[in-house]
Amino acid sequence: QQQVRQSPQSLTVWEGETAILNCSYENSAFDYFPWYQQFPGEGPALLIAIRSVSDKKEDGRFTIFFNKREKKLSLHITDSQPGDSATYFCAASRSSGSWQLIFGSGTQLTVMP
Amino acid sequence: EAAVTQSPRNKVTVTGGNVTLSCRQTNSHNYMYWYRQDTGHGLRLIHYSYGAGNLQIGDVPDGYKATRTTQEDFFLLLELASPSQTSLYFCASTPTGGAETLYFGSGTRLTVL
């Protein structure tokens, strides 16, 4: 079963636009939500993360918006750059007890110059 | 920056073949993980370990064995490889196994003919 779902599967935006990547989860016990960025030929790397006590986390051009009631979150990339072209994975886990990070299937972002 | 090194980068074998994928981390992390990455599925956990001699089962363990020989080294073994195991394999490590940053290697692309 897919505990973490991402949409869209692929997204193309123009340079300077805001890209919005969506994620939803099923397990209400999840309270830690990282986003990983992966470039071709490389392993994923942590981009930004949020915990369920917050509804927003910002790091430069990257912002996570979190809605605990709807079990949804989104990653907004403002002023998108061609160098942001990558695959983005949303993930979720519990921060206590039996820890295991569950990944979504990813969104492939292409930023056109 | 945590360093996780995987070898080989690419491997081709035949059905029924014997394959060993290697991973070494040099940051004294306790936890190490093996994931497989497939289109439409994201990253799925095969096995993980919290120290030398320890092995824990992940979400998709069938057909895989793993062994943690030292703090630094974690191996994934496919003793009777099948075409369904054609995938991109990633090793990762974390300091304490909680809700923290996963540090990934660059991956091994395995093709089973």
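It should be noted that the structure appears before, not after, this text.
Residues numbered from 1 in each chain as written. Chains lettered and ligands numbered in written order. Predicted model: local features only at pLDDT ≥ 70, side-chain atom pairs only at ≥ 80, totals over all residues. Heavy atoms only, no water.

Visitor: I'm lost on the interface of chain B and chain A in this one. Help?
Guide: A common way to express how large an interface is: the accessible area buried when the components associate. Contact with chain B, which involves 20 residues of that partner, is made by 21 residues of chain A. Carbon and sulfur atoms make up 55% of the area that chain B and chain A hide from each other, which totals about 1600 Å². For the pair chain B and chain A, the number of links is zero salt bridges. Run the count over chain B and chain A and you get three residue pairs in polar contact (both at pLDDT 80 or more). Going through the elements one at a time, strand S4 (31–38) and strand S5 (42–49) of chain B are the ones with two or more residues in the side of chain B that touches chain A. (Contact = heavy atoms within 4.5 Å. Buried area = accessible area lost by both parts, 1.4 Å probe. Salt bridge = Lys/Arg side-chain N within 4 Å of Asp/Glu carboxyl O. Polar contact = N/O pair within 3.5 Å; in protein donor to acceptor, adjacent residues only side chain to side chain. Helix = DSSP H or I, 4+ residues; strand = E, 2+ residues; numbered from the N terminus.)

Visitor: Even after reading the chapter, I still don't get the state of the cysteines, so can you show me in this structure?
Guide: Two cysteines, two sulfur atoms, one covalent bond between them: this is a disulfide. All names here are of chain A. Taken as a whole and judged by the stated rule, the model has two disulfides over all chains. Each sulfur of the disulfide joining Cys-23 and Cys-90 lies 2.0 Å from the other. One quick way to see it: the torsion about the S-S bond of Cys-23 and Cys-90 is about -70°, and its sign makes the bridge left-handed. Of the two residues, Cys-23 is situated in strand S3 (residues 19–25) and Cys-90 in strand S9 (residues 86–92); the sequence distance between them amounts to 67 residues. Residue class for Cys-23 comes out buried when judged on its relative accessible area of 4%. (Disulfide = S-S within 2.5 Å. Buried < 20%, exposed > 50% of the residue type's maximum accessible area, 1.4 Å probe, protein only.)

In short, geometric facts, not functional conclusions.
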